[in-house]
Amino acid sequence: QQPVQSPQAVILREGEDAVINCSSSKALYSVHWYRQKHGEAPVFLMILLKGGEQKGHEKISASFNEKKQQSSLYLTASQLSYSGTYFCGTGGGSGNTGKLIFGQGTTLQVKP
Amino acid sequence: GAGVSQTPSNKVTEKGKYVELRCDPISGHTALYWYRQSLGQGPEFLIYFQGTGAADDSGLPNDRFFAVRPEGSVSTLKIQRTERGDSAVYLCASSLVAGGNEQFFGPGTRLTVL
């Protein structure tokens, strides 16, 4: 089942903050966050694992509520370079599967 | 380059033809993934390999799609009797091992079926 992302689109001014949410109806082992710019490949931002481990870029923060099967990505003091489409990908409950199911994406536009 | 590479970058074919898409993962990565992405959508899982074996092929839409990774490195996605609905960007990704590791994506192959 595809995770649901909200909001679908966000427009910010430089320096403003944003939160992107990802919600699944299935038990999760991992949540992966990617950013994709038009015509380019998705770029890894962060992975959050069941049990609390996180791996990712220093300037990106996120949370993972295992009970609610939800994750949120926090973008603070946004820069023009943050513009793009953000996808969450969810990994199943067994923990040892590489299969990711991606959400439909959240488009972020940062204006000067 | 140390990243995932995919060839060709663009492929235009006619309905009913056979195509092969190639993916060269990051050296040392044992897991390799295939996704496809349609305009305005997130990547759609097709299949992934751990080593030479297909660990999960549940995303392949039908038996016209097949993928191999004979030596545990390069992988080829094969599509027989292409249909217009197969048009999409086919993305390949790799990771150190499957499960709980970041996947690094290649630039994709844009397939257009006329």
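Keep in mind the model is a prediction, meaning the values are calculated, not measured.

(A) Spatial organisation of the interface of chain B and chain A. Facing the 21 residues of chain B at the interface are 20 residues of chain A. Counting the surface chain B buries against chain A, the share from its top three residues, B:Gly100, B:Glu102 and B:Phe105, is 29%. Counting the contacts that link chain B with chain A gives 1 salt bridge. Taking the shortest distance from any N to any O, the salt bridge between B:Glu102 and A:Lys55 comes out at 4.0 Å. In this assembly, chain B and chain A are joined by 6 residue pairs in polar contact (both at pLDDT 80 or more). Breaking the side of chain B that touches chain A down by element, the ones donating at least two residues are strand E4 (31-37) and strand E5 (44-50) of chain B. The greatest single-element share of the side of chain B that touches chain A, amounting to 3 residues, is contributed by E4(B).

(B) Molecular detail of the side chain of B:Thr13. Positionally, B:Thr13 belongs in strand E2 (residues 10-13). Setting aside anything within four residues of it in sequence, one finds B:Thr13 in contact with B:Val19, B:Thr82, B:Leu111, B:Thr112, B:Val113 and B:Leu114.

(C) Layout of the pattern of salt bridges. Residue and element names in this part refer to chain B. What the rule picks out here adds up to 5 salt bridges over all chains. Of the charged contacts, one joins Arg64 and Glu83 as a salt bridge, the two residues approaching to 3.6 Å between their closest N and O atoms. Of this pair, Arg64 sits in the loop between strand E6 (53-56) and strand E7 (65-68) while Glu83 sits in the loop between strand E8 (75-79) and strand E9 (88-95), and the two are 19 residues apart along the sequence. Overlapping salt bridges bring together Arg64, Glu83 and Asp86 as one network.

The rules behind the values
- The numbering scheme is per chain: residues are counted from 1 as the chain's sequence reads.
- To read the labels, note that chains go from A and ligands from 1, taken in the order they are written.
- Per-residue local features of the predicted model are confined to residues with pLDDT of at least 70, and side-chain atom pairs are confined, for both listing and counting, to 80 or more; whole-chain, interface and lining totals are unaffected and use all residues.
- Values reported for side chains reflect all heavy atoms of the structure, with hydrogen atoms and water molecules removed beforehand.
- Every residue pair with non-hydrogen atoms within 4.5 Å of one another is taken to be in contact.
- Buried area: the sum, over both parts, of the accessible surface (1.4 Å probe) that disappears when the two are put together.
- We define a salt bridge as a contact between a side-chain nitrogen of Lys or Arg and a carboxyl oxygen of Asp or Glu at a distance within 4 Å.
- Nitrogen and oxygen atoms within 3.5 Å of one another constitute a polar contact, given that in protein one can donate a hydrogen and the other can accept it, and given that sequence-neighbouring residues count only through two side-chain atoms.
- A run of DSSP states H or I qualifies as a helix once it reaches four residues; a run of E qualifies as a strand once it reaches two. Both are numbered from the N-terminal end.

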